[in-house]
Amino acid sequence: MMPGIGNTGLLRTTWLTLFSHYRRHPGQLAMLLLGLWVASALWSGVQAINASARDSYARAEALFSASLDSVTRRDNQPLSLEDYLALRRAGMPVSPLVEGELSLSGETTLRVIGIDPLTLPGESSLARQQSDASALRDWILPPYRARIAPEQAKAARDDPRLPPLEADPNLPPGTLVTDIGVAQRLLNVETLSRLVVAPGRALDLPPYLVRQLAAALASPGQLTDSFHLNLTAMGLLALIVGLFIVHAALGLALEQRLGMLRTLRALGVPGRTLVIALALELLAFGLLGAVLGIVSGVGLARLLLPDVAASLDALYDTDVASNLALPWYYWLGGLAVTLGGLFSAGLGMLWRASRLDILALGKAQAWRARLHRQLRLQVAVGAVLLGIAAWLGWRLGHQPAPQELALGFAMVAALLLGASLWLPSLLAGGLGLLSRRLHSRPHLQWALADLQLQLPRLQLPMMALLLALSANLGVGSMVGGFRLTFLDWLDQRLLADLYVRPSEVQHADVVAWLEGQDEVQVLLEARHAEAPLLNVEGQDTGRSLALFGITPAPVMRQSWPLLESATDREAAWQALAAGDAVFINEQLARRDGLAPGDTLRLRGPQGVVTPTIAAIYPDYGNPRGEAVLPASRLADQFAAPPGSLGVVLSPLPSRDVTRIQAALGERFGLSGDAVVDQRAVKHTATEVFERTFAITQALNALTLAVAGLALLTTLLAQAGARRAQLAPLWALGVSRRQLVGLQFGQLVSAAAGTALLAVPLGIGLAWALVSVINVAAFGWRLPLHVFPGQVAMTIVLAVVVAGLAALLPAWRLWRVPPRQLLQEFAAA
Amino acid sequence: MLQLINLTKTYPTPQGPLHVLDGIDLHLAPGESLALMGESGSGKSTLLHLAAGLDTPDRGDVLLEGQSIAALSEPRRAELRRQRLGLVFQQFHLVPSLSVADNLTLQARLAGREDVDWAQHLLARLGLAGLNDRYPEQLSGGQQQRLAIGRALAARPRLLLADEPTGNLDEAAADQVLDLLRELIEESGCALLLVTHSVRVAGPLDRCLHLQRGRLAEAGP
Amino acid sequence: MKRSTLLLLLALVIVAGLAKVYWPTDASTQAGYAGLGEQASGFAQAGPGQTLHFPEDHGPHPDYRIEWWYLTANLESADGRPFGVQWTLFRQALAPKAGNREASGASPWQDRQLWMAHAAVSTPQGHRFAEKFARGMALPAGQGQAGVTAAPFAAWIDDWTLIAEEAESGLDRLTVHAQADDFAYRLALTAQGPLVRHGEGGFSQKSADGQGSMYYSQPFYRVEGTLRLDGEPLSVTGRAWLDREWSSQLLGRAQHGWDWFSLHLGNGAKLMAFRLRGGGEDDTEDYLSGSWITPQGEVSALAKGGLRLTPVETRDVAGRELPTTWRVEVPDRRLDVTVSAIHPDQWMGTSFPYWEGMVTVRGSHTGKGYLEMTGY
């Protein structure tokens with residue numbers, strides 16, 4: 001014989017024979033593919049979002065302005081042409097920049113950047129942009145030119161205000177770069193937003209200007225790392241849950257094909273050929289599942305990306321393209337993760353196939369012994385994981401800032417995995433205890449004993465359910481707690497009924513007029529400034545700190561929330577109002593390890609200012625560090641220009657917000673952004689908040705759905721075998737109705753047991769999220785809230801999911817004709 | 001054809017080593033049929049497993065057409081099995097997800113020499129014609145056993161090893177299966193080593209040996 | 001010339017310089033050069049019969065395509081070591097005066113003038129240089145990042161300045177300043193002779209077909225001031241030469257480079273001479289021209305035949321073969337001298353690179369001066 005042909009035929013026949021199992025049991029195949037599909041889809045979806053966002057960040061970081069130092073006015077006002085020319089004439093190599101937003105028709109908003117190519121420092125990436133010949137003349141003379149991010153090119157082409165456009169894939173999404181004169185015309189300004197200078201070039205700036213080093217401006221990639229790590233963790237959770245399904249499906253398929261494998265070996269198929277055929281089978285499934293998963297993952301990402309982009313914009317002020325841009329490695333990565341996951345799930349199967357004992361042909365399986373061995377191993381590994389989680393939790397809980405986000409996730413992962421490994425043993429133990437007490441109720445006792453028998457099959461979907469439930473509870477508690485805290489905090493911070501932003505010239509008149517109104521109880525003046533932050537040695541750190549000037553009126557003292565103060569609340573306010581103290585926000589305190597009693601070093605226009613920190617206040621949703629001091633002091637020490645006015649109305653019945661609003665519009669022409677109702681601010685803030693967690697909650701719901709599917713598919717896959725086990729009972733006189741009820745009860749009680757474990761696990765997860773992950777990710781810590789409603793909801797969800805999953809098999813059992821049960825009985 | 005030389009197999013048990021086979025010597029000529037009798041646990045199945053290369057002896061050797069099995073690697077033994085041996089088990093061990101026709105030709109296809117005419121002939125002779133597209137669980141016990149015999153013969157083996165091939169059948173069905181087996185053996189010119197505890201089954205074969213406490217004894221028909 | 005061919009230089013330098021800032025310096029920029037090589041329709045044209053008016057003509061001529069204020073100085077330290085200084089401001093109009101185009105003046109940024117400057121210091125062994133760019137701005141005279149006013153005279157780009165101390169002195173008393181990373185200088189210039197009009201009353205022809213530029217010089221400056229090299233101050237004295245030139249007509253494509261001399265001779269006379277390579281009457285010969293300036297400032301044009309420029313020795317500079325030693329002959333004035341670079345390393349590695357450096361004169365006359373070589 002020709003060995004070559006013989007071997008190919010051998011492998012092919014072996015493969016076809018193995019696969020014939022799935023032809024006879026398409027449900028198992030569907031379950032396997034479903035698991036792969038959801039795992040790969042959720043993972044790829046999250047990765048697509050991340051990849052797309054990273055592409056946006058990379059483009060933002062590659063933009064010329066990101067690698068250059070910035071020069072701005074200390075009071076954050078725009079610069080004049082004279083400011084710029086004075087610096088140039090003094091020999092400073094600064095280049096002007098105009099930035100602003102331009103709304104196109106429809107939803108599109110462009111970030112317009114105007115540059116002067118003649119003075120723009122040369123090593124920036126703009127220099128790399130390709131262009132055609134008389135480009136400079138075209139750029140600075142009519143009809144001018146503009147470069148635009150490809151995403152907006154189409155929408156922008158129809159706008160008659162814009163010069164001829166050239167799409168530039170290197171520009172961050174939503175960005176248009178054009179000559180400075182054109183940008184000023186488009187944005188209707190005559191001022192400059194800021195000046196840029198190459199890092200390392202010395203500048204001798206007048207005191208009213210501040211230089212911000214490019215290195216100190218956190219890149220969007222760094223700022224949003226935590227956000228994406230959060231997403232990745234959610235994706236990983238989905239991947240694991242999906243792989244549980246895959247593992248269950250593969251395990252089932254292997255159990256049912258053990259006889260076939262032995263027969264094949266007896267008929268002369270070498271072990272190696274068998275393993276290769278099984279591996280090829282896995283590969284085929286993996287490719288199919290990955291392709292399906294990646295395609296739907298991209299669809300999912302497309303669905304979620306607008307929300308993600310909006311959250312990132314609101315949270316970190318970064319622009320992310322709301323349409324997908326996926327690099328090649330994304331596709332390869334998705335495939336690799338799916339195949340890797342599949343093979344990790346299938347490794348056990350391959351190993352067992354390679355160690356197959358042919359002589360066990362037809363021998364009964366030592367199920368119970370193996371189950372116990374497996375459970376013992378799981379308990380041991382779970383104990384190690386839980387130990388690691390406890391140790392990490394202790395460490396992170398006692399470690400001063402900054403905390404490691406990755407360690408936080410490692411702790412959560414260890415906690416979840418450890419707990420889920422313990423689940424089957426806990427369930428088995430619980431069932432054993434129960435069944436001893438139910439001696440007098442043979443039906444129930446049988447049901448519990450039978451449930452224990454089913455544990456090897458059910459444990460994986462139950463573990464998936466546990467993960468999904470606890471994630472749901474944990475994230476739900478976190479979001480709910482955040483909502484409570486955040487809304488409270490908004491109420492405390494947004495004291496005034498109306499916020500008025502008059503221009504600098506009008507300011508005094510507006511104040512005088514408002515003070516003359518009967519309804520106005522108090523005016524809360526606010527100012528903003530920036531100051532370079534110095535280190536202990538008094539050297540420039542290159543970072544600048546946002547300074548916020550407030551009016552420490554009694555009404556504000558009462559409600560402004562403080563987290564920590566040097567002595568007591570009243571003393572802290574005394575120090576702020578009368579002394580030289582400041583309050584700092586939680587973010588700054590955590591990032592720089594500052595505590596009440598420490599001092600800050602800031603460079604003011606008249607020299608170094610070293611205020612004492614009197615207290616730390618929560619500042620949710622702010623990515624930057626900030627310090628608060630009285631507005632009057634901010635004006636004196638840091639030359640802060642007049643800012644907004646908070647108008648607190650007296651609680652009179654005659655109070656009328658709209659009257660004041662209208663009067664301000666009439667007398668001073670203040671409207672739109674210049675007069676904002678507190679309710680509008682709250683509405684916007686709440687909206688941002690809801691959107692931020694929309695994605696987390698969506699992924700969560702999907703994970704729960706996947707866990708339900710895992711349970712359903714497992715039940716469907718073993719439905720045949722189950723009938724064979726139920727048939728003897730039927731023969732013994734248990735009605736079909738009772739059988740269905742028992743089966744239903746079994747599942748529901750298993751799910752309820754799982755939910756009982758999910759409750760403490762979910763609360764643990766919530767704790768980890770609010771006091772470890774959030775602190776590392778966002779810089780603030782939330783109080784832990786446990787909502788009894790959510791706990792109840794978790795248990796209900798578990799029961800509902802299990803019930804829904806059990807519905808189809810139960811219905812099918814219900815519909816089985818007695819004749820078939822008879823046959824099953826004969827076969828058993 | 002098949003030669004067993006001083007074949008010895010010992011299993012460790014809590015009560016000390018159990019000598020299942022203790023220096024077995026046996027010779028089977030081409031085309032010869034031999035019945036191996038003995039009580040349950042006398043080592044018949046172990047001997048058959050050793051002859052098929054499914055297990056390895058502690059001492060001694062199995063020569064198949066002069067070739068030592070013990071010296072072969074696992075893949076070579078597997079090749080020997082699919083190319084030259086036919087195996088019939090008491091529990092049939094049909095592949096439940098393959099149709100009757102596919103089960104019948106499974107080994108032939110594995111061996112890379114499917115013979116459609118021979119397979120058709122076998123199906124007809126085994127009384128399975130017309131059941132091509134059924135699955136094993138849709139057959140009666142006798143039909144399943146006949147299919148298992150067909151699968152073993154479809155690859156035209158040199159030697160058929162059968163382990164209680166009628167153990168699961170009633171007498172009438174067993175007789176019918178055995179007659180068929182003998183006829184087909186003669187048709188294909190292959191040798192047969194049949195393990196049974198039934199004199200009735202062993203009777204019609206060329207030769208009959210008894211296995212007792214791990215040793216062989218010649219026994220008359 | 002120097003300077004006619006510098007039209008070409010300027011065009012290329014500005015486009016290439018911007019290319020460095022904003023566009024890649026690859027072959028595609030040649031299109032910009034080609035664009036500037038077009039017939040300069042819409043611009044004012046220099047021609048014979050045009051007269052110069054001072055102080056107005058010290059200021060810019062925005063309707064001409066191209067213009068410069070070009071100062072070179074041969075200096076000496078107290079211990080007799082030779083130093084050289086260059087300060088140049090170029091102006092280029094990117095388009096003719098706005099007629100049918102969108103009205104400028106809407107924004108100070110929207111202006112058709114571009115400015116570029118080169119500054120350099122040659123030391124006895126080395127050479128340091130820097131360049132700057134700016135756009136014109138539609139602002140009142142004297143403001144803006146770069147510009148020139150006629151009276152009082154001031155030319156500047158950022159903090160590099162060439163300015164008159166008082167309004168009525170014209171170009172007679174100037175201060176020049178430039179500052180870069182590794183050098184700086186501040187020099188006081190005092191003219192000891194009159195302004196000199198080249199060519200035909202200030203019109204200097206640049207090729208056989210009649211194109212040319214308006215060209216005058218102040219070659220009689222006495223200089224006193226301070227150089228700063230790596231922060232170390234150094235007092236210097238010497239002579240300087242200022243060239244003023246504007247034009248709209250660029251050179252033909254056949255002209256690929258030039259060699260230009262400005263020499264202070266020991267007897268007080270001055271010699272300006274240039275050779276345009278490849279732009280002669282039959283398009284294969286070089287185009288030669290020059291001016292002989294007496295110590296009193298009387299000028300006579302040197303035509304072909306009355307002037308001979310011969311490369312004598314080449315040196316490898318910045319990967320190119322450059323003639324750093326020349327024989328210069330003006331038979332009518334019995335001048336036959338060898339002009340050689342003080343050292344070859346006076347390369348201007350600017351966006352569009354060229355050689356510009358101090359030279360010594362030996363032979364029938366002695367002296368010193370500046371040599372510029374482009375297109376090698």
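Quick look at the structure, then. As the structure is a prediction and not an experimental result, all values here were calculated from the model. (Residues numbered from 1 in each chain as written. Chains lettered and ligands numbered in written order. Predicted model: local features only at pLDDT ≥ 70, side-chain atom pairs only at ≥ 80, totals over all residues. Heavy atoms only, no water.)

### Focus on the side chain of Thr178(A)
Residue and element names in this part refer to chain A.
So, step 1. Along the chain, Thr178 turns up in strand S6 (residues 175-179).
So, step 2. A polar side-chain atom of Thr178 sits 2.8 Å from the main-chain carbonyl oxygen of Arg145.
So, step 3. The contacts of Thr178, once residues within four sequence positions are left out, are Val112, Ile113, Gly114, Ile115, Trp139, Arg145, Ala146, Pro163 and Ala183. (Helix = DSSP H or I, 4+ residues; strand = E, 2+ residues; numbered from the N terminus. Polar contact = N/O pair within 3.5 Å; in protein donor to acceptor, adjacent residues only side chain to side chain. Contact = heavy atoms within 4.5 Å.)

### Some points on the interface of chain B and chain A
So, step 1. Across the boundary between the two partners, chain B contributes 24 residues, which contact 27 residues of chain A.
So, step 2. Roughly 2,300 Å² is buried in total at the junction of chain B and chain A, and carbon and sulfur atoms are behind 63% of that figure.
So, step 3. At the boundary of chain B with chain A, the tally comes to two salt bridges.
So, step 4. Notably, a salt bridge pairs Glu74(B) with Arg265(A), separated by 2.6 Å at the nearest N-O pair.
So, step 5. The interface formed by chain B and chain A contains seven residue pairs in polar contact (both at pLDDT 80 or more).
So, step 6. Elements supplying a minimum of two residues to the side of chain B that touches chain A: helix H2 (74-84) and helix H3 (100-111) of chain B.
So, step 7. By residue number, the principal contributor to the side of chain B that touches chain A is H2(B), which donates seven residues.
So, step 8. Of the residues in the side of chain B that touches chain A, the class split is 11 nonpolar, five polar and eight charged. (Buried area = accessible area lost by both parts, 1.4 Å probe. Salt bridge = Lys/Arg side-chain N within 4 Å of Asp/Glu carboxyl O. Nonpolar A, V, L, I, M, F, W, Y, C, P; charged D, E, K, R; others polar.)

### Comments concerning a nonpolar patch on the surface
So, step 1. The grouping of Met793(A), Val796(A), Val800(A), Leu804(A) and Leu807(A) at the surface amounts to a nonpolar patch, some 460 Å² of accessible area in total.
So, step 2. With respect to the helices and strands, Val796(A) occurs in helix H22 (residues 788-815). (Patch = residues over 30% accessible without salt bridge, like charges linked within 9 Å, V, L, I, M, F, W, Y side chains within 5 Å. Areas by Shrake-Rupley, 256 points an atom, 1.4 Å probe, with all protein chains shown as cover.)

### What about the packing of helix H11 (residues 405-437) of chain A against helix H12 (residues 442-493) of chain A?
Residues and elements named next belong to chain A.
So, step 1. At a closest axis distance of 9 Å, the pairing of H11 and H12 adopts a crossing angle of 155°. Relative to H12, the element H11 lies roughly antiparallel. Handedness of the crossing formed by H11 with H12: right-handed. Residues Leu416, Ala419, Ser420, Leu421, Leu423, Pro424, Leu427, Ala428, Leu431, Gly432, Leu434 and Ser435 of H11 pack against Gln445, Leu448, Leu451, Gln452, Leu455, Gln459, Met462, Met463, Leu466, Leu467 and Ser470 of H12. (Axes fitted to C-alpha atoms, helices over the stretch in contact; angles between N-to-C directions. Parallel < 35°, antiparallel > 145°, perpendicular 65-115°, else oblique. Left-handed = near helix turned anticlockwise from the far one by under 90°.)

By themselves, these are just geometric observations and shouldn't be taken as functional.
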